[in-house]
Amino acid sequence: MISSRQSAARTRLAIGASVALLGAGGFHSVQAQSGGGDGVTGARIGAVEVVAVNPSADTAVNGRATDCVRRAVNLFPGDVYSEDRLSFALGAARRCGMVANVARDLEFGADGLTIRLNVTLGPAAERMDRGVFLQGGVDDFPLLYDRNGVVVKAKLESTAMYYANNNAWYGQPDAMLNGNPLVQGSPAGRGYDDWVEGFVHYGLYGIAPVTDELYVYGGLSAITSGSSGQELFTDRTRSHTGVEDAYVGLVAGRTTAAGDRYVLNLSAGRQKFTLANAFLIANTAANGHDRAALQANARWAADMVGLAQFSVNNTKLEVFYVDPDELPVLDSKTRIAGLNAEFAPVAGLMLGASYLFVPQSNAAYFGPAGTPIGTREGLRLYDLRFTYRPRPAGASGPFFGGELALQTHDDISMRATAGYGEVGYDFAGTKWRPSISYRLSHFSGDDPSTSRYERWDPLLSGGTGEQWVQGANHFKVVQDSNVTAHRIQLRLRPSPKFEIVPQLWAFRADTLNNIGGNPALSVMTDREYGYEANVTGKWFASRNVYVHGHVAYTRPGDAVEAALNGQARDWLSVMAFVRYAF
C-alpha cells in the first residue's frame, strides 16, 4: 500500500515530469474532426466511378474513352484523396481521344469517398484550350491555363467555423491545463464558452509534361487564419499568415498492353502526408496558439516531406521522410523516416506493413518515478495491418480490419504495443444505407513493475474523428497512449451527398501510471477515463460548398472524478463549419 504522504509526493513528482514533457512535445495541439478543414482532403477513397454522360452509340468508343480517363487519373480504392492532385490528373485525362471534358463529383460511400468522373465525349476538335489566361474570362476560374497537358490552377478556399463548449475540461481548466504552454490568458472552462475562427488558403499549383509518360508538378500556397472568442486555451484574438504548401515533384506512369499500370511519384518540400489510415502519421502540422484556427485545423503541411512512391496496379511501396511543422512553443525537433508497403492479393483484401525510425528528436520519455529515461530519438516502429471487405463496394455484407504495432528503441529498454480490431456490416439495400461497426483499440501504458518502458508514443496519429481522433472531447484530454477505447459507430447516408455518423465511446486506461499524459491524470486511482456520445453531420451542399458539424457529450469516469476531487462536470461541445472552395 502507498501512504497518503507517498501518494502526494508521487503526484507532485508526476506533475513536474509531465510539465517538463510539455516542452518536449508531450502535449500536442488539439486536433479537431474536420479532416483537414475541408472534410475530404486526406480521406480514404472508397470507389472511383467513370461515367460517360453523353455515351456514343458505339460501345467500343465509350469503353476506350472511359478507360483512358481511368488510367490517366490513376486513383484506386484505398488511396488518400487530394483535390489538387486530382485536378492535375484531370488535365491529363482531358487529353484522351474522344474526350471533350472531365468533371469530378464527390459522394459519401460505404468504404470512404466515392469519386465520380463525369466524362463528356466529343471529337478532338471540340476540346478547347481552357483557363483564364487563354480565354480571357473568369468562367474557368480557378483554372488559369490548360493547354497541351500544361495545367496551372489557383487555389482559393475559405472556412468559417463556430465552436462552443459547456464545461470544457470538465469545468476544471486550472487542473487540466496546469503547466500547459498553450494557455494564453483565460481558457474555456466552467459554463458556456464559444468562439469563431476561420482561414483562407490561397496559392498556385501546376503540372506540365516532360514526355508522354513523365510530368513535373509543384505547388505554392499560404494560409491566413484568425480566431476570436473564448477558445479552449485562450481568450485572445489572434491572426497569422504563413506559407503552407511549397513542393515540387515528378510523376511517371505507363500502362502495358496487358493492362498493367506502373506509376512512380517523387516529391519533396512542404506538403501534407498521411500514412495509410492515419494510425501512425496524419497530423503533420500543428494549429492553435499564435497560429490560431485551433479546431479548423487550417495547416497540415509538414516543414519537409520527402516521398518516393512506386505502384504496380494495387501494390504500392513508399519511402518517406517527415519533418513535422510543430508549434514553436512545443517544437520537439522530431524527424521520422520510414517504409510502407500495401498490396491487395485478392479482391476486397488489403494487406499493409510499415517500418518507422526516428533519427532525431528532443521529446522526452519519463519513467514511473518522474525522472527522464531518454528521448524519442532512436525509436523504431513495426506495423502490420489489414482490411477485408468480402462483398464489392455498394453491396450488403460484412467488413473487417485490424492492425498490430510494436515500438522498440536503440538506447533504452522499450517495448510498447498498439493495435485495433474492427468488425462491421453494410446494409446497402436498406433505406439510408446504414453501416454499423464495433472497434476495439489499445495503446499501451507504462507498467511501473517492469524494468522496460512500455508507454505507446502516438507520434503524429490523428486525422479525423472516424480515423484516430478518438472522441471529439475526450481526445483533447487523453490522446492515443495508455488507453483502451471501445467504439460503436453507425453511418447513415440519407443521400449520396449527406452523411450522418453517430458514435458511442468508452475509454479505460491501460495502467494507473499515466506520466507523460495530462498532468492532472499523471497518477490515477482508477482506470475509468469516461464515456462519450457524439454525432457528426457532413453535407456536400454543392460542388463548391461543404458543410460539417458535430455535437459531443462526454461524461467523466472515476479516474477523472478522483483526479478532480469530485468536481468534474459533464462536457458538451458543438461545432459547425462551412467551407467554400472554387
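Worth saying up front: this structure is predicted, and the values here are computed from it rather than measured. (Residues numbered from 1 in each chain as written. Predicted model: local features only at pLDDT ≥ 70, side-chain atom pairs only at ≥ 80, totals over all residues. Heavy atoms only, no water.)

## What about the packing of aromatic side chains?
Phase 1: Scanning all chains against the criterion turns up 22 aromatic pairs.
Phase 2: Each ring, one from Tyr 388 and one from Phe 400, has its centre 6.4 Å from the other, and the planes form 20°; the classification is stacked. Here Phe 400 lies in strand β17 (residues 397–409) and Tyr 388 lies in strand β16 (residues 379–388), a separation of twelve residues in the sequence.
Phase 3: Owing to a relative accessible area of 31%, Tyr 388 belongs among the partly exposed residues under this scheme.
Phase 4: Its relative accessible area of 32% is what places Phe 400 among the partly exposed residues.
Phase 5: Ring centres 5.3 Å apart and planes at 90° place the aromatic pair Tyr 580 and Phe 582 in the edge-to-face group.
Phase 6: Judged by its relative accessible area of 35%, Tyr 580 falls in the partly exposed class.
Phase 7: Aromatic rings pair up to connect Phe 108, Phe 540, Tyr 546 and Phe 577 into one cluster.
Phase 8: Stacked on the ring of Trp 468, the Lys or Arg Arg 439 has its end atom at 3.7 Å from the ring centre. (Phe/Tyr/Trp six-rings, centres within 6.5 Å; stacked < 30°, edge-to-face > 60°. Helix = DSSP H or I, 4+ residues; strand = E, 2+ residues; numbered from the N terminus. Buried < 20%, exposed > 50% of the residue type's maximum accessible area, 1.4 Å probe, protein only. Lys NZ or Arg CZ within 6 Å of the ring centre and 35° of its normal.)

## Section: the side chain of Lys 153
Phase 1: Looking at the element boundaries, Lys 153 is found in strand β5 (residues 150–166).
Phase 2: By relative accessible area, Lys 153 is classed as buried at 10%.
Phase 3: Setting aside residues up to four positions removed in sequence, Lys 153 forms contacts with Asp 84, Ser 87, Pro 142, Leu 143, Leu 144, Gly 203, Leu 204 and Tyr 205. (Contact = heavy atoms within 4.5 Å.)

## Some thoughts on the environment of Val 322
Phase 1: Summarising the element assignment, Val 322 is placed in strand β11 (residues 315–323).
Phase 2: Of the residues examined, Val 322 reaches a relative accessible area of 0% and is grouped as buried.
Phase 3: Between the C-alpha atoms of Val 322 and Phe 577, which are 255 residues apart in sequence, the distance is 29 Å.
Phase 4: Leaving out residues up to four positions away in the same chain, Val 322 has contacts with Phe 273, Thr 284, Ala 302, Met 304, Val 305, Thr 334, Arg 335, Ile 336 and Leu 460.

## Let's talk about the confidence of the model for the chain
Segments scoring low in pLDDT should not have their predicted coordinates read at a detailed level.
Phase 1: On average, the chain scores 88 in pLDDT, and the residues at 70 or more come to 92%.
Phase 2: Predicted confidence for residues 1–36 stays below pLDDT 50, and this span has 93 contacts to residues more than four positions away or in other chains. (pLDDT = per-residue confidence, 0-100.)

## Observations concerning the environment of Ser 228
Phase 1: Note on placement: Ser 228 falls in strand β7 (residues 214–229).
Phase 2: Overall, the relative accessible area of 35% leaves Ser 228 in the partly exposed class.
Phase 3: Distance in space between the C-alpha atoms of Ser 228 and Gln 360 is 36 Å, their sequence separation being 132 residues.
Phase 4: For Ser 228, the residues in contact, after removing those within four places along its chain, are Trp 195, Val 196 and Thr 237.
Phase 5: A polar contact is formed between the side chain of Ser 228 and the side chain of Thr 237, at a distance of 3.3 Å. (Polar contact = N/O pair within 3.5 Å; in protein donor to acceptor, adjacent residues only side chain to side chain.)

## Section: the nonpolar core
Phase 1: Of all hydrophobic cores here, the largest spans 96 residues; its most connected members are Val 69, Val 73, Leu 117, Trp 169, Ile 281 and Leu 356.
Phase 2: Excluding residues that lie within four positions of it along the chain, Leu 356 makes contacts with Leu 275, Leu 280, Ile 281, Phe 320, Ile 336, Ala 337, Gly 338, Leu 379, Arg 380, Leu 381 and Leu 459.
Phase 3: Counting eight residues, the second largest nonpolar core, distinct from the first, contains Tyr 205, Tyr 215, Tyr 217 and Tyr 247. (Core = buried A, V, L, I, M, F, W, Y, C linked by side-chain atoms within 4.5 Å.)

## Some words on helix α3 (residues 83–93)
Phase 1: Of all the eleven residues making up α3, nine are buried; the element is thus mostly covered by neighbouring parts of the structure.
Phase 2: Within the span of α3, buried status applies to Glu 83, Asp 84, Leu 86, Ser 87, Phe 88, Ala 89, Leu 90, Gly 91 and Ala 93.
Phase 3: Where α3 is buried, its residues meet α2 (59–73), β2 (99–109), β3 (112–121), β5, β6 (192–211) and β7.

## Quick notes on unusual backbone geometry
Phase 1: A positive phi angle, close to 70°, is found at Trp 432, a residue other than glycine.
Phase 2: As for its position among the elements, Trp 432 is in the loop between β18 (416–426) and β19 (435–443).
Phase 3: Positive phi, normally seen in glycine, also occurs at Asn 565, with a value near 55°.
Phase 4: With respect to the helices, strands and loops of the structure, Asn 565 is situated in the loop between α6 (558–563) and β24 (571–581).
Phase 5: Given a relative accessible area of 66%, Asn 565 falls into the exposed group.

## A few points about the packing of α2 against α3
Phase 1: Contact geometry for α2 and α3: axes closest at 8 Å, N-to-C directions at 145°. α3 is crossed by α2, and the crossing has right-handed handedness. Each of Val 69, Ala 72 and Val 73 in α2 lies in contact with α3, whose residues at this interface are Leu 86, Ala 89, Leu 90, Ala 92 and Ala 93.
Phase 2: Within the contact of α2 with α3, the residues separate by chemical class into eight nonpolar, no polar and no charged. (Axes fitted to C-alpha atoms, helices over the stretch in contact; angles between N-to-C directions. Left-handed = near helix turned anticlockwise from the far one by under 90°. Nonpolar A, V, L, I, M, F, W, Y, C, P; charged D, E, K, R; others polar.)

## Topic: the sheet that holds β3
Phase 1: Taken in spatial order, the three strands make up an open sheet running β1-β3-β2, and their pairing is mixed. Since the sheet does not close on itself, it has two edges, and those belong to β1 (45–52) and β2, each with one partner. Each strand axis lies, on average, 20° off the axis of its neighbour in the sheet, ignoring direction.
Phase 2: With ten bridges connecting them, β2 and β3 associate as antiparallel partners. Residue Arg 104 lies in a different strand from β3, and its bridge partner there is Leu 117.
Phase 3: Against the sheet, α3 engages β2 and β3, with an angle of about 150° to β2. (Pairing = 2+ DSSP bridges.)

## Thoughts on the pattern of salt bridges
Phase 1: Taken as a whole, this structure holds 28 salt bridges when the rule is applied.
Phase 2: For the salt bridge of Arg 579 with Glu 157, the shortest nitrogen-to-oxygen distance reads 2.8 Å. Placement of the pair is Arg 579 in strand β24 and Glu 157 in strand β5, with a sequence separation of 422 residues.
Phase 3: Where Asp 457 meets Arg 376, a salt bridge forms, and the shortest distance between an N and an O atom there is 2.7 Å. With Asp 457 in the loop between β19 and β20 (483–495) and Arg 376 in the loop between β15 (372–375) and β16, this residue pair connects regions lying 81 residues apart in the sequence.
Phase 4: You can call Asp 457 buried: its relative accessible area is 4%.
Phase 5: Connected via shared salt-bridge partners are Glu 244, Arg 270, Arg 291, Asp 303 and Asp 325. (Salt bridge = Lys/Arg side-chain N within 4 Å of Asp/Glu carboxyl O.)

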